[in-house]
Amino acid sequence: MLGGLPGLLQPWGILLIGISAALAFYLAYRWRQRVAGRSRLHLDVGAIALLALLTGGFFWRPLTEGGVFMPAGGGDLASFYYPTYSYIARQLQGGNLPLWNPHVFSGMPLAADVQSGLFYPLNWPVFFSSLDYGTLEWLLIAHYWLASVFTYLLLRDIGLKRLGAMAGAVVFAFCGFMTAHLGHMPMVLVATWIPLILLLLRRALLDEARTGWVWTILAGLTAALSLLAGHVQIFAYGLLAAGLLWLYLFATRQQPQQVGHTGPPLRSALPWIVKGGLLLAIALSIGAAQLLSSLELSNLTSRSSVSYEEASEFPNQPVTWLNLLLPRVFGSSPTNYALGDWQSTENWGYTGVVTLALAAAGLLLRRNRMVGYFALLVALSFILMVGDLSIVGAWIYGFTPGFNKLRDSGRALVLLGLGLAGLAAFGLDAVTTALSRQEPERRRVFLWLVGVSVFVAFVLLIVMPGLYSQLIVDNSAQYGRIPGAINDLGMLVLWLGLLAGIGWAAYRQRISASTAGLFILALLVLDIFSPNSRFNPTTTNILAGYEQYDARSILYKESQDETTNIPLRTDSDTDVQDIWQPSSALQNGLLYDTGGAFNPLKLERYDYLWDIAKRNPNTPLYDLTGAAFQVISPTTIYQNEAKWERIQKYPNLEIYRNKNVLSRAYLVHESRIDSARVDIIDALRLFHIDPRHTVILESGTPFTSTLPGSIEAVPGGSARTESVKAISYAPDVVELKVKATAPGWVVLTDAYHPGWQATLNNNPVTIEPAYYAYRAVKVDTGDSTIRMTFSPPSWQLGRALSLLSLAATFLALALLMMRRRKRKA
């Protein structure tokens, strides 16, 4: 691989997309030519093919140049999704459906983490490919094209002309939200399906015949795809958009009136209510395998409760709205943003000034009830994304189920992008229609375009610099903003000037209205693509943190523990995050780490213990974690040289061995009972107990013993007669062979989760929380076998519900289609 995308396709990527687009158009044209009277479907296919070509043009650098990666800085795509998808691919190709991930954070659920995208159908070709980083980039690029296609189809279904629908498709697929969140891959994947959900829901509600139920089922299936794509917050915003569409269409529909009754009859309202409920039921029931496990996991993490302050983090407030007009005024990429507590990834909202001008035209010039829907969608997005500035957002947080677990209110930019896409599409339609009519209407549009240009220029050049003077002229910031502001102002004047010029040419009939529409569409593409296409590409090797091959080989060799057959762990949760990817252990599948890339869904019990342990590396608490090695920078100085031994030195990092580390599985005979997590952790941190001799449990009867544990020093140097050894150590199954001379507890320092179940010599036993975060099983004297399996009841129930719902949904769809064919026959 030369760069981000497969080297074979780099020089010819755009050409291949163009050839494919042209071929699709040609085949559709030939298909139409064979039968007289067919609709001009080939033009729609041509538009979709052109959207593919535009997608290739937007991503031209990673498609055509070697050594170009996305996104700049790597983001979550490089640090989280790449290692996670790599691990899933290895497991699936090995015939295992991975429910548990043992490699980071001392183990945590994998399938229950909705971000894993394990059940998203479009991910499965990726999982069964020779997955590399370029594969994920291709997956994303394909979804940008799909987002444009679904938006185009939605707008065409509403009744817009092809040019208007094309404009709206470009605006949504390549708007600021979609551009900035490329590194947050599931956000893009989920958002892709929102326009298609709206299309199918609208058809379902407006079609009173049997086909309305077919559309409802299809809308439910599409919503299920969106849910499984891996980001609950964007899925929730998609449901808000769908709910708003339901309410708007219901409120504005033409209703049959009854004598003496002015409101809609209940009978006519009932199908609407049932269709809306059925869509939601299909989505949630098919997604039950993911949803139930994720809900259970969220209650075992810090996400079990998100404060209102956390939910309002990273808002998109008026101080950042200048970005809607001047895209680079605060920085041009995820790595150079300069605006205090805000950041570009959450606040990059640029959709183009041409888009804003067309959206205003759509509001004022076009008479269509769907204009009102898109306007309400824009208003809703502003209410949501300002965070704690609006009490409406507080009410949604407090009273809407599920929204009290969502963070970063600025992500409502996805609704702004979709709303402006719809309004801009109507605006281009209205402008081209008016320009094709008599002189008064042409003059009206021309004056409108000129007026918009003059007004925006006046606001920016006169008013905005005064209001934002501290933000624009503060050149003492790390990244001075004067050049960026001047450049953006110049480009804004250029775009709006060209827009007014096109209007003048059409008004004077120097060009036709359709030609003017094409020019405006081209201008819109240039306006959006110019800053947004530059946001993500980078020539910096964002995968360099995975390429510490020699260090990883040494850690793999040294971590093998012949005593237990369970490898010891590495602690890379140190000061090397910039040069050592935190989830390297997951990416190669050979190492085990006490930390990992940031994940809000890591288990709360373990997170609490590890957060204290890593700050106390010279205590028994740290030794208990199984962290046998630390990967640190050369600037770190250890005070306890008797415990730490440097085993390897590199120019930018060093590897130290912890000589006091505990094996990850062992036997003790003494127990202590304590249910307060602070006391449990302090007992280890303050050397009050030796974990080699004593286990701390949360319930039961304490037991005192002088017998040494299986890894404790034996008095007089006698040979050990007790042991704990792994027969197998797989992601979802751990089997331990135990030899005990007296009753005791087998401790496994893998993270505790109630979904783990155990048998002792094939008899069910309880796994108890040990030291608050780990696992313990009580054993009797003699030889025994412990088998732990991870198959939570939430997963078993969710899987059954998903399979039953999927079968029932497709059966109902088949029956409805058969009835429809019979009626036609």
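Since this is a predicted model, take the numbers as computed values, not measurements. (Residues numbered from 1 in each chain as written. Predicted model: local features only at pLDDT ≥ 70, side-chain atom pairs only at ≥ 80, totals over all residues. Heavy atoms only, no water.)

**Quick word on the overall build of the chain**
Secondary structure summary: the chain contains 30 helices and 17 strands in total. Looking at the chain as a whole, 57% of its 825 residues are labelled buried. For the chain, the share of sequence-separated contacts (at least 6 apart) that also reach a separation of at least 24 residues comes to 76%. Just so you have it, the chain exposes about 33500 Å², and 60% of that area is on carbon and sulfur atoms. (Helix = DSSP H or I, 4+ residues; strand = E, 2+ residues; numbered from the N terminus. Buried < 20%, exposed > 50% of the residue type's maximum accessible area, 1.4 Å probe, protein only. Contact = heavy atoms within 4.5 Å. Areas by Shrake-Rupley, 256 points an atom, 1.4 Å probe, with all protein chains shown as cover.)

**A look at the pattern of salt bridges**
In total, this model carries 22 salt bridges according to the counting rule given. Close ionic contact of Arg657 with Glu558 constitutes a salt bridge, the shortest N to O distance being 3.1 Å. Pair noted here: Arg657 is in strand E6 (residues 654-658) and Glu558 is in helix H25 (residues 549-559), with a separation of 99 residues, a long-range link. Of the charged contacts, one joins Arg787 and Glu735 as a salt bridge, the two residues approaching to 3.3 Å between their closest N and O atoms. Of this pair, Arg787 sits in strand E17 (residues 782-790) while Glu735 is found in strand E11 (residues 733-740), placing the two residues 52 residues apart along the sequence. Judged by relative accessible area, Arg787 falls into the partly exposed class, the value being 36%. (Salt bridge = Lys/Arg side-chain N within 4 Å of Asp/Glu carboxyl O.)

**Remarks on the packing of aromatic side chains**
What the rule picks out here adds up to 30 aromatic pairs. Of the aromatic side chains, those joined through ring pairs into one cluster are Phe58, Phe59, Tyr144, Phe174 and Phe529. Sitting above the plane of the Trp213 ring, Lys275 keeps its charged end 5.3 Å from the centroid. In this arrangement the basic side chain of Arg775 is found over the ring face of Trp756, its NZ or CZ atom lying 4.0 Å from the centre. (Phe/Tyr/Trp six-rings, centres within 6.5 Å; stacked < 30°, edge-to-face > 60°. Lys NZ or Arg CZ within 6 Å of the ring centre and 35° of its normal.)

**So, the sheet that holds E11**
Read across the sheet, five strands follow the order E10-E11-E17-E13-E14 without closing on themselves; strand pairing throughout is antiparallel. Sheet topology places strand E10 (723-729) and strand E14 (763-765) at the edges, where each strand pairs with a single neighbour. Geometrically, the sheet is characterised by an average inter-axis angle of 25° between neighbouring strands, direction not taken into account. Here strand E13 (residues 756-760) runs beside E14; their pairing, made up of three bridges, is antiparallel. Pairing of Thr759 across the sheet is with Pro764, part of E14. (Pairing = 2+ DSSP bridges. Axes fitted to C-alpha atoms, helices over the stretch in contact; angles between N-to-C directions.)

**Remarks on the confidence of the model for the chain**
Looking at the chain, the pLDDT average stands at 87 and 87% of residues meet or exceed 70. Scored below 50 in pLDDT, residues 256-264 shows eight contacts in the model against residues more than four places distant or in partner chains. (pLDDT = per-residue confidence, 0-100.)

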